[in-house]
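These are the residues of each chain, in order.
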Amino acid sequence: MTNSLIKKDFYKADIYRFDIESSTQEVPNTKYIPAFDITISNVISWDIFQLKITKEELKGLADFINKYLENN
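A few points on the structure.

When helices and strands are tallied, the protein chain shows one helix and four strands. For the protein chain, the α and β elements follow one another from N to C terminus as β-β-β-β-α. Summarising its shape, the C-alpha atoms of the protein chain cover approximately 40 × 30 × 20 Å along the three principal directions. Scored against the burial criterion, the 72 residues of the protein chain give a buried share of 19%. Across the protein chain, every contact between residues at least 6 apart in sequence was considered, and the portion connecting residues at least 24 apart equals 19%. In the structure as shown, the protein chain presents an accessible area of about 6,000 Å², 58% of it carried by carbon and sulfur atoms. Each charge class in the protein chain can be summarised by its mean position, and for the 9 positive and 11 negative side chains these summaries are 5 Å apart.

What follows covers the sheet that holds strand β2 (residues 16–26). Strand order across the open sheet formed by four strands is β1-β2-β3-β4, with antiparallel pairing between neighbours. Both edges of this open sheet fall to β1 (8–13) and β4 (48–53), since each of them pairs with a single strand only. Each strand of the sheet is rotated relative to its neighbour by a mean of 20°, with strand direction disregarded. Both β2 and strand β3 (residues 32–42) contribute to a ladder of eleven bridges, which runs antiparallel. Paired with arginine 17 across the bridge in β3 is serine 41.

Under the criterion given, the structure shown has one aromatic pair. Where tyrosine 11 meets phenylalanine 18, the ring centres are 6.4 Å apart and the plane angle is 40°; that geometry is what we call tilted. With a relative accessible area of 55%, tyrosine 11 lands in the exposed category. Phenylalanine 18 sits in the partly exposed class, given a relative accessible area of 33%.

Reading guide: rules and limits
- Residues numbered from 1 in each chain as written.
- Predicted model: local features only at pLDDT ≥ 70, side-chain atom pairs only at ≥ 80, totals over all residues.
- Heavy atoms only, no water.
- Helix = DSSP H or I, 4+ residues; strand = E, 2+ residues; numbered from the N terminus.
- Buried < 20%, exposed > 50% of the residue type's maximum accessible area, 1.4 Å probe, protein only.
- Contact = heavy atoms within 4.5 Å.
- Areas by Shrake-Rupley, 256 points an atom, 1.4 Å probe, with all protein chains shown as cover.
- Lys, Arg positive; Asp, Glu negative; His and termini not counted.
- Charge placed at Lys NZ, Arg CZ, Asp CG, Glu CD.
- Pairing = 2+ DSSP bridges.
- Axes fitted to C-alpha atoms, helices over the stretch in contact; angles between N-to-C directions.
- Phe/Tyr/Trp six-rings, centres within 6.5 Å; stacked < 30°, edge-to-face > 60°.

Honestly, that's just the spatial picture; any functional story needs more than this.
In structure tokens form, the structure reads like this:
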């Protein structure tokens, strides 16, 4: 089964672009679960960082970033 892309959105900050797409992730020996494909790219150097993350993991990352910003 291939990833089924449902929605794509992006945010641009200075030279970076953040893309997010709904997707699915295969869990070994079980099934496919909802996930997100996130791409962070530097539009000048073309450096790219990609990750696949579940909704719970994405919420945890967002909470981590928000807590960091509140403390600084």
